[in-house]
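Notes for the structure review
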Amino acid sequence: MDIDVETEVGKFIRIWLIVLASLTYCHFISKIIPKGFKRLFSLLPVISIFLYLPHTLSSVHFIFIVGFTVSWVVNFKLLLFAFNHGPLSNTSTENPLSYYSLKQFVSAACLPIKIKQKSRSAEEPTIHDQTISRRNPKSIVRLLNNYPMKVLAMCLLIHVYSYKQYIHPLFLGSLYALHMFFISETYLVVSSAIAALILRLDDLEPQFIDPFISTSLQDFWGRRWNLMATNILWLTVYVPIRSVCAHVIGRKWATVPAILFTFLVSGLMHELIIYYITRLYPTWEVTCFFVIQGICIAFGGIMKKTNIGGIHDRFQLHPWISGPLILLFIGVNVICFFFPPILRNNIDDRTIEEYHILVDYFVKKFARKQT
């Protein structure tokens, strides 16, 4: 696919101007429309626009950024905001009528941050405080200090792709998984750095916490991998489903359908991003990948809760054994379910081609300046 860099960058900038204008509108209506379905109805046009925006782009990277950040994360935050929940809502009890500034509101909507709020009491922390306390904030310097090596590794991967016809498919799949990790982490870290500069934050929340040393599926998906998506799914899907199911099947077992629904929604949102890139009807393989992860985590939770005959206690594996097994399990499922629609629709080739187009563009631009 031939992409004009300047045209695509222009579209990308216009999209973010639309997002800024739309969020300004959302910030304004929050002061005049009370929480509830009236506010939700007033936000639906913005949500619809955000769902459409990726259709205006051609670049795989730009589609991923807009699809993930705007169509998924920002829209989910707006759904929460309609009912005065989530990171866009100022729930401070000291001044319940106070509002975030426009800069805070837009930053919290678009960037992987949450504005810290004071707890109602020492015994009753807010959702924001719970999320922040369970993670390890890092300064912007510490967050960026290991990225020269990761950039070098990315450049090496891109070079290796030139010889992919000689690489075994399983090893190539491992390289693609590593590539996806580097791209996702780099994007979220750069976003965090931008947030730090805009809001003058001292501490930042890491979005990936060493996922390759996970000891269980729950540890991988809940505490280490893409915590921006994890947090928004927790607030938007897991908590409401658990609350509803607690009245039907009891709080002890309400976590099971909550986990299943959370991974189902995650799968559907990943399908949406792939649809934006391919413009083809989804095959639901990616959804199956996430549903399988959810079923396994839910089953593990059931075994832990019941512990029939002490099975759960007797079959506890050492982290040095469980860690590699977990990564192997995820890797096999990635190869079987996640990668097929990517490879079948040549998304990998388009991604690599974009790197070459970008390099050629800057080389030619530099050459013109020299002459």
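Below is a summary of the structure that appears in this document. Nothing here was measured: the structure is a model prediction, and the numbers come from that model. (Residues numbered from 1 in each chain as written. Predicted model: local features only at pLDDT ≥ 70, side-chain atom pairs only at ≥ 80, totals over all residues. Heavy atoms only, no water.)

**Observations regarding the overall build of the protein chain**
Per the secondary structure count, the protein chain includes 15 helices and zero strands. Looking at the protein chain as a whole, 47% of its 371 residues qualify as buried. Taking all contacts inside the protein chain whose residues are at least 6 apart in sequence as the whole, residues at least 24 apart take part in 70%. Counting only carbon and sulfur atoms, one obtains 68% of the accessible surface of the protein chain, whose full area is about 20,100 Å². (Helix = DSSP H or I, 4+ residues; strand = E, 2+ residues; numbered from the N terminus. Buried < 20%, exposed > 50% of the residue type's maximum accessible area, 1.4 Å probe, protein only. Contact = heavy atoms within 4.5 Å. Areas by Shrake-Rupley, 256 points an atom, 1.4 Å probe, with all protein chains shown as cover.)

**Looking at a nonpolar patch on the surface**
Together, Phe261, Leu264, Leu268, Tyr281 and Trp284 make up a nonpolar patch on the protein surface, roughly 530 Å² of accessible area in all. Among the secondary structure elements, Leu268 is positioned in helix H11 (residues 251-278). Judged by relative accessible area, which is 37%, Leu268 ranks as partly exposed. (Patch = residues over 30% accessible without salt bridge, like charges linked within 9 Å, V, L, I, M, F, W, Y side chains within 5 Å. Salt bridge = Lys/Arg side-chain N within 4 Å of Asp/Glu carboxyl O.)

**Quick word on the environment of Phe12**
Tracing the backbone shows Phe12 in helix H1 (residues 5-29). Residues Phe12 and Ile63, 51 residues apart in the sequence, show an inter-C-alpha distance of 9.1 Å. Among all residues touching Phe12, those that are not within four sequence positions of it are Leu57, Phe62, Ile65 and Val66.

**Quick notes on the packing of aromatic side chains**
Counted under the stated rule, the structure contains 26 aromatic pairs. Residues Trp234 and Tyr238 carry aromatic rings whose centres are separated by 4.6 Å and whose planes lie at 15° to one another, so their mutual orientation is stacked. Note that Trp234 and Tyr238 are positioned in helix H10 (residues 227-249) at a spacing of four residues, about one turn of the helix. (Phe/Tyr/Trp six-rings, centres within 6.5 Å; stacked < 30°, edge-to-face > 60°.)

**Side note on the side chain of Asn226**
Note on placement: Asn226 falls in the loop between helix H9 (217-224) and H10. Those residues within four positions of Asn226 in sequence are excluded, and the remaining contacts are Phe68, Leu188, Gln207 and Phe208.

**As for the packing of H10 against H11**
It is at 7 Å that the axes of H10 and H11 come closest, and there the two elements cross at 145°. As H10 packs across H11, the resulting crossing turns out to be right-handed. Facing Leu233, Val237, Tyr238, Ile241, Arg242, Cys245, Ala246 and Ile249 of H10, the residues of H11 in contact are Arg251, Trp253, Ala254, Thr255, Pro257, Ala258, Ile259, Phe261, Thr262, Val265 and Ser266. Tallied by class, residues from the contact of H10 with H11 come to 14 nonpolar, three polar and two charged. (Axes fitted to C-alpha atoms, helices over the stretch in contact; angles between N-to-C directions. Left-handed = near helix turned anticlockwise from the far one by under 90°. Nonpolar A, V, L, I, M, F, W, Y, C, P; charged D, E, K, R; others polar.)

**A short note on the pattern of salt bridges**
Taken as a whole, this structure holds five salt bridges when the rule is applied. Between Lys164 and Asp348 there is a salt bridge, with its nearest N and O atoms 3.2 Å apart. One end of the pair, Lys164, is in the loop between helix H7 (147-160) and helix H8 (169-199); the other, Asp348, is in helix H15 (residues 347-370), with 184 residues separating them in the sequence. In this structure, a network of salt bridges that share partners links the residues Lys164, Asp348 and Asp349.

**Details of the layout of surface pockets**
Each pocket or cavity is described by its volume, and for the second largest pocket that value is around 910 Å³. If you go around the second largest pocket, you meet 35 residues; those closest to its centre are Phe12, His61, Phe62, Ile65 and Tyr187. Contributions of two or more residues to the lining of the second largest pocket are made by H1, helix H3 (60-82), helix H4 (102-110), H7, H8 and H15. For the lining of the second largest pocket, the per-class residue count stands at 27 nonpolar, six polar and two charged. (1 Å grid on protein atoms, 1.4 Å probe; cavity = no way out; pocket = protein on both sides within 12 Å on 5 of 7 lines; lining within 4 Å. Points joined across faces, edges and corners; volume = space filled by probe spheres on them.)

**Focus: the nonpolar core**
Formed by 85 residues in total, the largest nonpolar core has its most connected members in Leu23, Phe50, Phe68, Trp72, Leu78 and Trp221. The greatest single-element share of this core, amounting to 15 residues, is contributed by H3. Not counting the four nearest positions on each side in its chain, Leu78 is found in contact with Leu23, Cys26, Leu43, Val46, Ile47, Phe50 and Leu88. (Core = buried A, V, L, I, M, F, W, Y, C linked by side-chain atoms within 4.5 Å.)

**Overview of helix H12 (residues 285-306)**
Counted at 1.5 Å a residue, the expected span for H12 with its 22 residues is 32 Å, and the 31 Å between its end C-alpha atoms agrees. Of all the residues in H12, the buried ones are Glu285, Val286, Thr287, Phe289, Phe290, Gln293, Gly294, Ile297 and Ala298. Buried residues along H12 sit against H9, H11 and helix H14 (319-344). (Expected span 1.5 Å × (residues − 1).)

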